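One-letter residues, chain by chain:
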Amino acid sequence: MDFEEKLSQFTARIPRIKSAVATEEATKTALILPFIGILGYDYTNPLEVCPEYTADYGVKNGEKVDYAIFKDDCPAILIECKMIGADLKNHGSQLFRYFSTCQAKIGILTNGIEYRFFSDLERANQMDTKPFLEINLESLDEQQITQLKRFRKEEFDVNKLLPSAANMIILKELTSLLNSEMESPSQDFVKYLASHIHEGRITTNVIDTYAPLVKSAMNQMVNTRINEKLKSVMDKTEEEHKEAVEDVAKIIEEIETTEEEMLGYHIVQAICGKLVPLNKVTMRDSKSYCAVLYDDNNRRPICRLHFNRAQKYLGIFDENKEEIKKPIDDITDIYKYQDEIIGTLNRYTQLVKSNGN
C-alpha cells in the first residue's frame, strides 16, 4: 500500500473516531502517532521518534516538546501536540521557545486534525511567526498531499525543503491577495488599473465607477480562459480532445499546479529560452503529468514532468516522438537533459520553418 492509499484510509477513519477522542493523550494515540507512522517513521523506536524530548530554554531547564523526529542522530522535526479541537493560534509560543534550543529546522504544531509547519526562514534559529504550510486532514487537496510527501522518512531533506518553503509562503500570500481582490477589489488596486485607462485625476468618484468594472473584468477573464479551452476542443484529434477536456475540468474544479511542477516548468522554459521566445514554451497540467509544449500545441511536446510519485521522472522525446522517462532526484536534475530538450525543440522549429507556420 503506497503513501496516498494509507493516508486516504486514515483520513476516512477520522470522522468516525474523533467524537471519542476527549483528551490530549487520546489525540496523540488515535491521531498524531498514526500520522507519524504514515510518514514512515517508527514511533515505537525512541531513537527515531523521541517522546517528551527535553528542550531547555534559558533558565527554563527541562522543558519538553511532545515529539522529536531524529535524522542522522540529530533532531530534525519538533512536534508540539494539542487536544483535538484546540485553536492552534493560541499555542505557537511554546513551539517558538523549543525551536531555538536545538538543531531542528522544522516545527509542527498540531491538534491531530490541523497541522501547521514552521521553519526559520526569516531569521536563523528563530521560528517564523507564520507557517509555510497548513493542512487539515479532513479537507486535503492534491497539492497538500504532494507537499506532505516531502516529509516522509525516505524523502525528507531539509536542504531541499526550505528553499521551496520560502516560495510557498509567498505563493500563499499572493493567492490570498488575488482571491480577495477578485471578490472585492481594493481602492489601491482599482486606482492602479484605472490610472492606465482613465485620462485625468483619479478621484473617489472615478474609483467608485471603476470598482464594479474591475470585478467584472476579472471574472470575465476567468470565463474567457475557460471558453477558449472549450473552443479549442473542436479542432482536436481524439487524443488531444481528451487532454483538452482534462484541461477544462482542471480549471473548473480549480485543481492547482504544484510548486514543484511550476519550478520544473520554469527550468525547462529557461533552457528553451536559448532558442525561442519564452512565450512559445507553454505548460498544460493533467492528472498524470505536466506537459511542457512548444507553441501550446499538444503535437509538439518538449517534455513531460511526472512529479506525482515519490520517484520523479522527466519525460523526454526521441526523433519519433516516443517518450523516454528519466528518473530525477531533484528538480534541478532537469538541467542534465538540456541537450535532449534543445534537440526536441530544434526539431519543432525546423518543422515550422519548412511548413511556413
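What counts as what
- Residues numbered from 1 in each chain as written.
- Predicted model: local features only at pLDDT ≥ 70, side-chain atom pairs only at ≥ 80, totals over all residues.
- Heavy atoms only, no water.
- Helix = DSSP H or I, 4+ residues; strand = E, 2+ residues; numbered from the N terminus.
- Contact = heavy atoms within 4.5 Å.
- Expected span 1.5 Å × (residues − 1).
- Buried < 20%, exposed > 50% of the residue type's maximum accessible area, 1.4 Å probe, protein only.
- Polar contact = N/O pair within 3.5 Å; in protein donor to acceptor, adjacent residues only side chain to side chain.
- 1 Å grid on protein atoms, 1.4 Å probe; cavity = no way out; pocket = protein on both sides within 12 Å on 5 of 7 lines; lining within 4 Å.
- Points joined across faces, edges and corners; volume = space filled by probe spheres on them.
- Nonpolar A, V, L, I, M, F, W, Y, C, P; charged D, E, K, R; others polar.
- Salt bridge = Lys/Arg side-chain N within 4 Å of Asp/Glu carboxyl O.
- Pairing = 2+ DSSP bridges.
- Phe/Tyr/Trp six-rings, centres within 6.5 Å; stacked < 30°, edge-to-face > 60°.
- Patch = residues over 30% accessible without salt bridge, like charges linked within 9 Å, V, L, I, M, F, W, Y side chains within 5 Å.
- Areas by Shrake-Rupley, 256 points an atom, 1.4 Å probe, with all protein chains shown as cover.
- Axes fitted to C-alpha atoms, helices over the stretch in contact; angles between N-to-C directions.

1. Brief notes about the side chain of glutamine 144
And then number 1: Within the secondary structure, glutamine 144 sits in helix H4 (residues 142-149).
And then number 2: The contacts of glutamine 144, once residues within four sequence positions are left out, are Glu134, Ile135 and Ser139.

2. With respect to helix H5 (residues 158-183)
And then number 1: With 26 residues, H5 should cover 38 Å at 1.5 Å per step; its first-to-last C-alpha distance of 37 Å lies within 8% of that length.
And then number 2: Among the residues making up H5, those that are buried are Leu161, Leu162, Ser164, Ala165, Met168, Ile169 and Glu181.
And then number 3: The backbone nitrogen of asparagine 159 has a side-chain oxygen 3.0 Å away, supplied by the residue at the start of H5, namely aspartate 157.

3. With respect to empty space enclosed by the protein
And then number 1: Evaluation of the coordinates by the stated rule reveals four cavities of 30 Å³ or more.
And then number 2: In this structure, the largest cavity encloses a volume near 70 Å³.
And then number 3: The wall of the largest cavity is formed by Phe35, Ile36, Leu39, Ile69, Ile77, Ile79, Ile108, Tyr115, Phe117 and Phe151.
And then number 4: Elements represented by at least two residues in the lining of the largest cavity include exactly helix H2 (24-38), strand E3 (74-81) and strand E5 (114-118).
And then number 5: For the lining of the largest cavity, the residue count by class is 10 nonpolar, no polar and no charged.

4. Side note on the pattern of salt bridges
And then number 1: Under the defined criterion, the tally for this structure stands at 20 salt bridges.
And then number 2: Across the pair glutamate 24 and lysine 28 runs a salt bridge whose closest N-O atoms are separated by 3.9 Å. Of this pair, glutamate 24 and lysine 28 both sit in helix H2, four residues apart, which is roughly one turn of the helix.
And then number 3: Between aspartate 66 and lysine 28 there is a salt bridge; the shortest N-O distance is 2.9 Å. Separated by 38 residues along the polypeptide, aspartate 66 in strand E2 (residues 64-71) and lysine 28 in helix H2 bring together distant segments of the chain. Note on accessibility: aspartate 66 and lysine 28 belong to one class, buried.
And then number 4: Because the salt bridges share partners, they merge into one network encompassing Arg150, Arg152, Glu154, Glu155, Glu260 and Lys312.

5. Quick look at the pairing of strand E4 (residues 106-110)
And then number 1: With respect to burial, E4 is a largely interior element, five of its five residues being buried.
And then number 2: Of the strand pairs in this sheet, E3 and E4 are connected by five bridges, and their pairing is parallel. When the bridges of E4 are listed, isoleucine 79 appears paired with isoleucine 108.
And then number 3: Looking at chain direction, E4 and E5 are connected through four bridges and run antiparallel. If you follow threonine 110 over to E5, its bridge partner there is tyrosine 115.
And then number 4: Hairpin connection from E4 to E5: three residues lie between these consecutive antiparallel strands, with glycine 112 at a positive phi of about 90 degrees.

6. Considerations on the pairing of strand E11 (residues 323-328)
And then number 1: The pairing of strand E10 (residues 312-317) with E11 spans six bridges and is classified as antiparallel. Note on E11: the bridge partner recorded for leucine 314 is lysine 326.
And then number 2: In this antiparallel pair of consecutive strands, E10 and E11, the connection spans five residues, and lysine 321 shows a positive phi of 65 degrees.

7. Considering the packing of aromatic side chains
And then number 1: As enumerated under the stated definition, the model contains seven aromatic pairs in all.
And then number 2: With a centroid separation of 5.6 Å and an interplanar angle of 80 degrees, the aromatic rings of tyrosine 53 and phenylalanine 70 are classed as edge-to-face. Remark: phenylalanine 70 occurs in strand E2 and tyrosine 53 occurs in strand E1 (residues 49-54); sequence separation between them is 17 residues. In this structure, tyrosine 53 and phenylalanine 70 share a single accessibility class: buried.

8. A short note on a nonpolar patch on the surface
And then number 1: Together, Ile170, Leu171, Leu174 and Leu177 line one region of the surface with nonpolar side chains, adding up to about 360 Å² of accessible area.
And then number 2: Relative to the helices and strands, isoleucine 170 resides in helix H5.

9. Quick notes on the environment of isoleucine 108
And then number 1: Along the chain, isoleucine 108 turns up in strand E4.
And then number 2: Residue contacts for isoleucine 108: discarding those within four places in its chain leaves Ile77, Leu78, Ile79, Glu80, Leu95, Tyr115, Arg116 and Phe117.

10. Topic: the environment of glutamate 142
And then number 1: Structurally, the position occupied by glutamate 142 is in helix H4.
And then number 2: Separated by 145 residues in the primary sequence, glutamate 142 and lysine 287 have C-alpha atoms spaced 9.8 Å apart.

11. Brief notes about the sheet that holds E2
And then number 1: Judged by pairing direction, the sheet is mixed, and its six strands sit side by side in the order E1-E2-E3-E4-E5-E6 without closing on themselves. The open sheet terminates on both sides in strands that have one partner only, identified here as E1 and strand E6 (133-136). The sheet shows a mean angle of 25 degrees between the axes of neighbouring strands, direction not considered.

These values are about where atoms sit, not about what they do.
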